[in-house]
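Architecture and fold: a report
Chain by chain, the residues run as shown.
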Amino acid sequence: MSTTSESTGRRRAVRTGVATVGLAALVACALAVPTLLERSTSDRLSVLTAAEQHALDAAAAASGTEQDDAVVATSSRAGLAALAAAFTQEGKQYLYGGTGPDSWDCSGLVQWAFWQAGVDLPRLSWDQAEIGEPVDVTDMAPGDVVSFREEADHIGIYAGAGMVFNAYDVDRPIGLTALTDLPPINTVRRI
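Residues numbered from 1 in each chain as written. Predicted model: local features only at pLDDT ≥ 70, side-chain atom pairs only at ≥ 80, totals over all residues. Heavy atoms only, no water.

With an unreviewed UniProt entry as reference, the protein is termed C40 family peptidase, source organism Rhodococcus gannanensis.

Structure, rendered in structure tokens:
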């Protein structure tokens, strides 16, 4: 093996290791802190300005809910587990119709990743875009499934920080893509 390929292999191994450790920590936090999230919601509600409180009360009245029913966007356990599984496929090649293990298309990767998390998803992206609970784009959390274009013909798993883990196209290996480099968002679903 040449020095350059050894160096590239080491960098890839380090990046994968760092990503895996980071995702493991994220999964651990999602499993361990739901009560802290609830508390942080009530803490934030108690420090609202008068204008913010008025706006919240008006929104609650319009929707017919109490402010105590406010929900903080949190990742689902299955979504985080699927995201962690997807990261193990980083660097593999895109293949139209690919269902692994050496190459993937976008929906094949998402289906496989959620299967690893114990969730059986349909095979096609437009069918996957209908599964789970709808989430507003502003409330996306790591592990949410994001479909793109009106046809929902591309799909990936939101990784946070404006990045989506996906099988994008033949000229890009499987990995992270910025939302700004992807087509318009169609749906965001939490599974």
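Still more ground to cover, so stick around.
Most of strand β5 (residues 154-160) sits out of view: six of its seven residues are buried. The pairing of strand β4 (residues 145-148) with β5 spans four bridges and is classified as antiparallel. Directly across from V145, in β5, lies its bridge partner I157. Counted along the chain from β4 to the antiparallel partner β5, the turn is five residues long, and its residue R149 has a positive phi close to 65°. The antiparallel pairing of β5 with strand β6 (residues 163-166) creates a hairpin that spans two residues between the two strands, and A161 there sits at a positive phi of about 55°. (Buried < 20%, exposed > 50% of the residue type's maximum accessible area, 1.4 Å probe, protein only. Helix = DSSP H or I, 4+ residues; strand = E, 2+ residues; numbered from the N terminus. Pairing = 2+ DSSP bridges.)

Moving on, we come to the packing of helix α4 (residues 77-87) against helix α5 (residues 106-116). Two elements in contact, α4 and α5, have axes separated by 7 Å at closest approach and are oriented at 120°. Considering how the two elements wind past one another, α4 and α5 form a crossing that is right-handed. Residues A78, G79, A82, A85 and A86 of α4 form the contact with α5, whose own contacting residues are W112, A113, F114 and Q116. Considering only residue class, the contact of α4 with α5 consists of seven nonpolar, two polar and no charged. (Axes fitted to C-alpha atoms, helices over the stretch in contact; angles between N-to-C directions. Left-handed = near helix turned anticlockwise from the far one by under 90°. Contact = heavy atoms within 4.5 Å. Nonpolar A, V, L, I, M, F, W, Y, C, P; charged D, E, K, R; others polar.)

Turning next to the side chain of H154. Tracing the sequence through the fold places H154 in strand β5. The class of H154 is buried, set by a relative accessible area of 4%. Only 2.8 Å separates the side chain of H154 from the side chain of N166, close enough to count as a polar contact. (Polar contact = N/O pair within 3.5 Å; in protein donor to acceptor, adjacent residues only side chain to side chain.)

Summarising the element assignment, D102 is placed in the loop between β1 (93-94) and β2 (103-104). Each C-alpha atom, one on D102 and one on G91, is 9.9 Å from the other, the two residues being 11 residues apart in sequence. What D102 contacts, discounting residues up to four positions off in sequence, is K92 and Q93.

Moving on to the sheet that holds β6. Strand-to-strand pairing in sheets goes through backbone hydrogen bonds, with the strands running parallel or antiparallel. On the basis of which strands lie adjacent, the open sheet formed by six strands has the order β3-β8-β4-β5-β6-β7 and antiparallel pairing. The open sheet terminates on both sides in strands that have one partner only, identified here as β3 (133-134) and β7 (175-178). One ladder, built from two bridges, connects β3 with strand β8 (residues 185-190); its direction is antiparallel. Bridge pairing in β8 places E133 opposite R190. Across the face of the sheet, α4 comes into contact with β5, β6 and β7 while running at roughly 105° to β5. Running over the sheet, α5 touches β4, β5 and β6 and is turned about 50° from β5.

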